[in-house]
Amino acid sequence: MDALFPQFFEHANDALFILSQSGRFVDVNPKFVEIVGIPKEEIIGKTTELFLPGGLAQSQERVKQILREGKLGPYEVEATTPLGKKVLSISAFTFHENGAPVGVIGIARDITAYKQMEKHRQALNTELEQRVAERTAALQRSNEDLERFAYMVSHDLQEPLRTVTSFIQLLDKRYKAQLDTDGAEFIDYALEGAQRMQQLIQDLLTYSRVGTQGQEFSETDCEAVLAQTLHVLQTAIAESGAEVTHDPLPAVWANAMQVAQVFQNLLSNALKFRGAEPLRIHLSARQDGQQWLFAVRDNGIGIEPRHAERIFVIFQRLHPRREYPGTGIGLAVCQKIVQRHGGRIWVESEPGKGSTFFFTIGRKGNTYGQDERE
Ligand code: ADP
């Protein structure tokens, strides 16, 4: 073993040094000389004060500590050398001879490059985080601007549209008898168009209000919300002959009015897009981590999987209005509501077999939606 040490000392890829009990360099290996850039003969006999800050006292104190405790490190020091500042990771041990401590042997690993890389990486990360935060803030601003714009436009459009509608209605009432069939038909078309526009504006207003209305979240009993929704839809349910069933529903941390809106939109769609089979709709909910996963299943006409994402985009519909009436806003509203409750909404479906709309909502104590606004 003893014979191996000089070879090991000579060829080690880390800097090795031996200090006397009084903290003076007794020996250093070639790697040490290479790292600090000072000839060996100028190092021997000096203390670590030669490279390290803190003066002679600190240098000797550290040696005493190693002798006392048997070992120290790894710890990092910044050494000042003729080759510049170096960050060294040092581990040092007491060196024994015939059972008695005679000095210290240390390993100094040059981690300057690694430290620089780390610093660089951290700077990059900070810059990246900053950029993401800036982009997010900009997006949020433009989103809010758009929302405000949609709200203002739809709100301001209502007034002139009301004037147009009432004058067409007046024309219809007073002059229809004096017109030929073409004229009467034109009035019908104009009235129909105006009514449709009114509906679109109404829906657009609903959509743009999702983010600003219904700020309060509270413990919301979904059983009660569903009962209320079924009451609102009772005529449509009776007309369709649908059988609507549901599992026990939980209480969630949400805005009750908006949960009702999601239930109503999904149920109305299930009623509207029914097939030839007697319609069956089932609502269920199960716990999914910190959230509840709701499912509204129907056995209606279904949706081709390639349209599964598109239908949540505002004004996107898969059927002409003649077949199924609507404005294509219901699911966009659902998505916006679910997202501001910290959840997700999606559909799984097979054409001809039916669709299941899934959405998640936070459990009690999940204040996601509120935190976000603060
Ligand atoms: P609207 O019902 O006014 O058309 P929605 O945004 O609610 O608007 O729905 C968008 C489209 O998604 C619908 O036009 C329809 O093509 C499809 N869709 C929604 N719900 C169902 C359903 N339960 N079954 C089949 N298709 C559906």
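Everything numeric in this text was worked out from a predicted model, so none of it was measured.

This paragraph deals with the overall build of the protein. Summing up its helical and strand segments, the protein has 11 helices and 12 strands in all. For the protein, whose C-alpha radius of gyration is 38 Å, the value lies well above the compact-globule estimate of 21 Å for 374 residues. Dimensions of the protein, computed from the C-alpha atoms along their principal axes, are close to 120 × 45 × 35 Å. Within the protein, the proportion of its 374 residues that are buried is 37%. For the protein, the accessible area works out to roughly 22600 Å², and carbon and sulfur atoms hold 54% of it. Across the protein, the mean location of the 41 positive side-chain charges is 1 Å away from that of the 48 negative side-chain charges.

Moving on, we come to the site of the ligand. In the vicinity of the ligand lie 21 residues, with Asn-269, Asp-298, Arg-317, Gly-328 and Leu-331 positioned nearest. Between Gly-328 and the ligand, the recorded distance is 2.9 Å, taken from a backbone N or O atom to an oxygen atom. The separation between an oxygen atom of the ligand and a polar main-chain atom of Leu-331 is 2.8 Å. Summarising the interface, the protein chains cover 98% of the accessible area of the ligand, which totals 540 Å² for the free molecule. At the level of secondary structure, the elements contributing two or more residues to the shell around the ligand comprise helix H9 (256-272), helix H10 (330-340) and strand E12 (354-362).

It is worth spelling out the pattern of salt bridges at this point. Counted according to the given criterion, the structure contains 14 salt bridges. Across the pair Asp-145 and Arg-148 runs a salt bridge, and its minimum N-O distance is 3.1 Å. Of this pair, Asp-145 and Arg-148 both sit in helix H5 (residues 112-175), separated by three residues, roughly a single helical turn. Across the salt bridge formed by Arg-162 and Glu-159, the nearest N and O atoms sit 3.0 Å from each other.

Each strand in a sheet pairs with another by means of backbone hydrogen bonds, the pair being arranged parallel or else antiparallel. Pairing in this open sheet of five strands is mixed, and the strands run E7-E9-E10-E12-E11 from one edge to the other. A single partner strand is all that each edge strand has here, and the edge strands are strand E7 (243-246) and strand E11 (345-350). Across the sheet, the axes of successive neighbouring strands diverge by a mean angle of 15°, strand direction being ignored. Of the strand pairs in this sheet, strand E9 (residues 280-288) and strand E10 (residues 291-298) are connected by eight bridges, and their pairing is antiparallel. Considered in E10, the bridge of Leu-283 is made with Val-296.

Let us now look at helix H6 (residues 181-209). Between its first and last C-alpha atoms H6 spans 42 Å; for 29 residues at 1.5 Å apiece the expected length is 42 Å, and the two agree. Along H6, the positions that sit buried rather than exposed are Gly-183, Ala-184, Ile-187, Leu-191, Ala-194, Ile-201, Asp-203, Leu-205 and Ser-208.

One pass over the structure, following the stated rule, counts zero disulfides. Here Cys-222 stays unpaired: no disulfide links it, and the sulfur of Cys-334, its closest cysteine neighbor, is 14 Å away. Judged by relative accessible area, Cys-222 falls into the buried class, the value being 0%. Among the residues examined, Cys-334 registers a relative accessible area of 0% and is labelled buried.

The sheet built from five strands is open, its strands ordered E2-E1-E5-E4-E3 with antiparallel pairing. In this open sheet, the two edge strands, each paired with only one partner strand, are strand E2 (25-28) and strand E3 (71-81). Pairwise comparison of adjacent strand axes, ignoring direction, gives a mean angle of 30° for this sheet. The pairing of E3 with strand E4 (residues 84-97) spans nine bridges and is classified as antiparallel. Residue Leu-72 lies in a different strand from E4, and its bridge partner there is Ala-92. Contacts from helix H4 (residues 55-69) reach strand E1 (15-20), E3, E4 and strand E5 (100-110), with the element oriented near 165° to E3. Docked against the sheet, H5 engages E3, E4 and E5, running at close to 130° with respect to E4.

On to the confidence of the model for the protein, then. Chain-level pLDDT for the protein is 89 on average; 96% of the residues reach the 70-or-more range. Across the protein, element-level confidence peaks in E7 with a mean pLDDT of 97 and bottoms out in helix H11 (residues 368-373) with 42. Predicted confidence for residues 367-374 stays below pLDDT 50, and this span has 15 contacts to residues more than four positions away or in other chains.

Cut-offs used in this document
- Residues numbered from 1 in each chain as written.
- Predicted model: local features only at pLDDT ≥ 70, side-chain atom pairs only at ≥ 80, totals over all residues.
- Heavy atoms only, no water.
- Helix = DSSP H or I, 4+ residues; strand = E, 2+ residues; numbered from the N terminus.
- Rg over C-alpha atoms; globule rule 2.2 N^0.38 Å.
- Buried < 20%, exposed > 50% of the residue type's maximum accessible area, 1.4 Å probe, protein only.
- Areas by Shrake-Rupley, 256 points an atom, 1.4 Å probe, with all protein chains shown as cover.
- Lys, Arg positive; Asp, Glu negative; His and termini not counted.
- Charge placed at Lys NZ, Arg CZ, Asp CG, Glu CD.
- Near = heavy atom within 4 Å.
- Polar contact = N/O pair within 3.5 Å; in protein donor to acceptor, adjacent residues only side chain to side chain.
- Salt bridge = Lys/Arg side-chain N within 4 Å of Asp/Glu carboxyl O.
- Pairing = 2+ DSSP bridges.
- Axes fitted to C-alpha atoms, helices over the stretch in contact; angles between N-to-C directions.
- Expected span 1.5 Å × (residues − 1).
- Disulfide = S-S within 2.5 Å.
- Contact = heavy atoms within 4.5 Å.
- pLDDT = per-residue confidence, 0-100.

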